[in-house]
Amino acid sequence: MNLYVTRAGFLTSVQDLGRTGFREFGVSTSGALDSFALRVANLLVGNEQEVAGLEITLGGLQLRFDDERIVAWCGGEFDVHVGSTVLPAGHTAFLRAGEELKFGRPKLGCRAWLAISGGIDVPLVLSSRSTDLRANYGGFEGRTLRDGDVVPLGPWPGSPTPATTISSWTAPHDWVSPAKRDPILRFVPGCDWNRFDGSTLQRLTNEAFTASPDSDRMGARFDGPELKREENVDLTSEAVAPGTIQVPPSGKPILLLGDCQTIGGYPKIAHVITVDLGIAAQLRAGDHVRFSEVSLSDAHRLLLERERELELFRIGISLHSCSQGTAGRSDAAGGSPQRGRATGPWLQETP
């Protein structure tokens with residue numbers, strides 16, 4: 001029960017929902033930079049939401065399996081094929097033993113998350129299978145995947161051979177394809193908001209920024225309007241988290257992502273809201289982005305609404321599996337749903 005890495009691509013790593021509960025000890029969260037995308041992909045293939053999958057950066061990945069599996073992916077606009085058949089984002093595919101799965105280069109965005117029925121069975125480190133690429137632990141030998149790697153998979157009972165290899169149903173488009181052209185990232189003011197004058201705050205919300213080539217899983221760096229604080233005094237290092245926007249002395253903001261440090265001394269001008277972190281994860285060098293302020297209550301409301309919708313989606317998949325006469329949710333690739341009956345409102349059929 002293994003997957004074989006024919007080509008590892010630019011940067012591919014094992015990730016789950018990250019290490020929670022250890023930031024007070026200086027341990028980064030890591031995990032999928034778009035944890036929501038991985039959760040959706042896991043539900044599509046019948047896994048629990050926290051099961052480990054693959055995070056694929058800029059494509060070029062080729063895999064094959066030594067047994068039957070169901071796969072699904074979410075992320076940027078990638079060309080993905082099972083053999084010669086196109087596998088769109090958010091659809092499931094039934095792969096037979098020896099079949100190959102290929103990820104081409106993205107047309108939009110830069111990352112994708114692949115879920116495999118049964119999940120990736122690497123050892124737990126601090127309660128997570130995520131790879132911390134800066135500290136070199138977790139995941140598969142604490143590193144990115146390489147050509148020729150053999151990665152263990154979790155047990156999967158299998159399912160009857162489906163009527164079609166690629167499912168005709170999917171999740172909502174914004175869930176499975178979060179990459180956008182010239183996106184707007186919503187934020188709430190940070191604890192150092194008042195350290196910046198009015199003209200600087202206007203530049204943050206009125207002008208466009210450009211993603212820098214220096215960006216990585218630790219943070220997205222931006223070129224563009226210079227953000228200068230009113231007083232150049234040293235600040236005490238304080239807690240930071242994925243989503244925090246820091247402003248270093250250069251005036252070029254940094255949006256912290258999953259592998260970010262746990263404390264920082266740069267002023268924290270803002271914090272990107274949780275529901276937009278998946279959009280931020282798709283930024284690549286040269287992409288333009290704008291920022292828009294929202295209230296904390298709106299940030300909470302948007303997150304709660306998305307969680308309620310995801311729960312409806314989970315129920316819809318579960319009921320769909322039952323209507324197909326399978327045990328649990330294992331027949332994630334089989335047949336088409338009967339809309340308005342056992343599928344729930346968030347399970348959608350494509351033409």
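All of these numbers come straight from a predicted model, not from anything done at the bench.

Enquirer: Where do I start with the overall build of the protein in this structure?
Expert: For the protein, the helix and strand inventory stands at five helices and 22 strands. Within the protein, buried positions represent 53% of all 351 residues. Contacts in the protein between residues at least 24 apart in sequence constitute 76% of all its contacts with a sequence separation of at least 6. Summed over its atoms, the accessible surface of the protein is roughly 14,800 Å², and 50% of this surface lies on carbon and sulfur atoms.

Enquirer: What's the story with the sheet that holds strand β21 (residues 288-293) in this structure? I'm lost.
Expert: Adjacent strands of a sheet pair through backbone hydrogen bonds, lying either parallel or antiparallel. In space, the seven strands of this closed barrel follow the order β13-β20-β17-β18-β15-β14-β21, with mixed pairing throughout. Taking the axes of each pair of neighbouring strands and ignoring which way they run, one obtains an average angle of 40 degrees across the sheet. Both strand β15 (residues 219-223) and strand β18 (residues 254-256) contribute to a ladder of three bridges, which runs antiparallel. Residue pairing across strands places Ala220 opposite Leu255, the latter belonging to β18. Lying over the sheet, helix α3 (residues 198-206) contacts β13 (184-189), β14 (209-211), β20 (268-272) and β21, oriented at roughly 120 degrees with respect to β21.

Enquirer: Could you clarify how one ought to interpret the environment of Gly118 in this entry?
Expert: In this fold, Gly118 is placed in the loop between β10 (108-116) and β11 (150-152). Note on Gly118: relative accessible area 25%, which makes it partly exposed. When the C-alpha positions of Gly118 and Asn42 are compared, they lie 9.4 Å apart, and in sequence the two are 76 residues distant. When residues no more than four places from it in sequence are discounted, the contact partners of Gly118 are Asn47, Arg69, Gly154, Pro155 and Trp156.

Enquirer: Honestly, the sheet that holds strand β8 (residues 92-95) in this entry has me stumped. Any pointers?
Expert: Across the sheet, which stays open at both edges, the five strands sit in the order β2-β3-β10-β5-β8 with antiparallel pairing between neighbours. Of all strands in the sheet, those with a lone pairing partner are β2 (11-15) and β8, marking the two edges. Adjacent strand axes in the sheet meet at a mean angle of 25 degrees, parallel and antiparallel pairs treated alike. Where β2 and strand β3 (residues 53-57) come together, five bridges link them in antiparallel fashion. Looking at β3, one finds that Val14 is bridged to Leu54.

Enquirer: What is the right way to look at the pattern of salt bridges in this model?
Expert: Opposite charge on two side chains permits pairing when their charged atoms draw close. Applying the stated criterion across every chain yields a total of 19 salt bridges. Note that Glu55 is salt-bridged to Arg217, the shortest N-O span being 2.7 Å. Residue Glu55 is found in strand β3, and its partner Arg217 is found in the loop between β14 and β15; the two are separated by 162 residues along the sequence. In this pair, the class of Glu55 matches that of Arg217, namely buried. Across the pair Asp174 and Lys180 runs a salt bridge whose closest N-O atoms are separated by 3.9 Å. Via salt bridges that share partners, Asp192, Arg195, Glu238 and Lys268 belong to a single interconnected network.

Enquirer: Any chance you could explain a nonpolar patch on the surface here in plain terms?
Expert: Taken together, the side chains of Leu312, Ile315 and Leu319 define a hydrophobic patch exposed on the protein surface, amounting to about 230 Å² of accessible area. With respect to the helices and strands, Ile315 occurs in helix α5 (residues 296-323). Looking at Ile315, the relative accessible area reads 34%, which means it is partly exposed.

Enquirer: Would you mind showing me how to read α3 here?
Expert: Count 3.6 residues to each turn of an α-helix, and residues three or four apart come out pointing the same way. Burial in α3 covers these residues: Thr200, Leu201 and Leu204. Each buried residue of α3 lies within a common arc of 100 degrees when the element is viewed along its axis, so the set occupies one face. Residues of α3 that are buried in the fold lie against β13, β14, β20 and β21.

Enquirer: Would you mind showing me how to read the environment of Leu283 here?
Expert: As for its position among the elements, Leu283 is in the loop between α4 (277-280) and β21. Leu283 gets classed as buried once you look at its relative accessible area, which sits at 10%. Between the C-alpha atoms of Leu283 and Ala179, which are 104 residues apart in sequence, the distance is 7.9 Å. Not counting the four nearest positions on each side in its chain, Leu283 is found in contact with Cys110, Pro183, Leu185, Ala211, Phe222 and Val289.

Thresholds, definitions, all that
Residues numbered from 1 in each chain as written. Predicted model: local features only at pLDDT ≥ 70, side-chain atom pairs only at ≥ 80, totals over all residues. Heavy atoms only, no water. Helix = DSSP H or I, 4+ residues; strand = E, 2+ residues; numbered from the N terminus. Buried < 20%, exposed > 50% of the residue type's maximum accessible area, 1.4 Å probe, protein only. Contact = heavy atoms within 4.5 Å. Areas by Shrake-Rupley, 256 points an atom, 1.4 Å probe, with all protein chains shown as cover. Pairing = 2+ DSSP bridges. Axes fitted to C-alpha atoms, helices over the stretch in contact; angles between N-to-C directions. Salt bridge = Lys/Arg side-chain N within 4 Å of Asp/Glu carboxyl O. Patch = residues over 30% accessible without salt bridge, like charges linked within 9 Å, V, L, I, M, F, W, Y side chains within 5 Å. Arc of directions from axis to C-beta.

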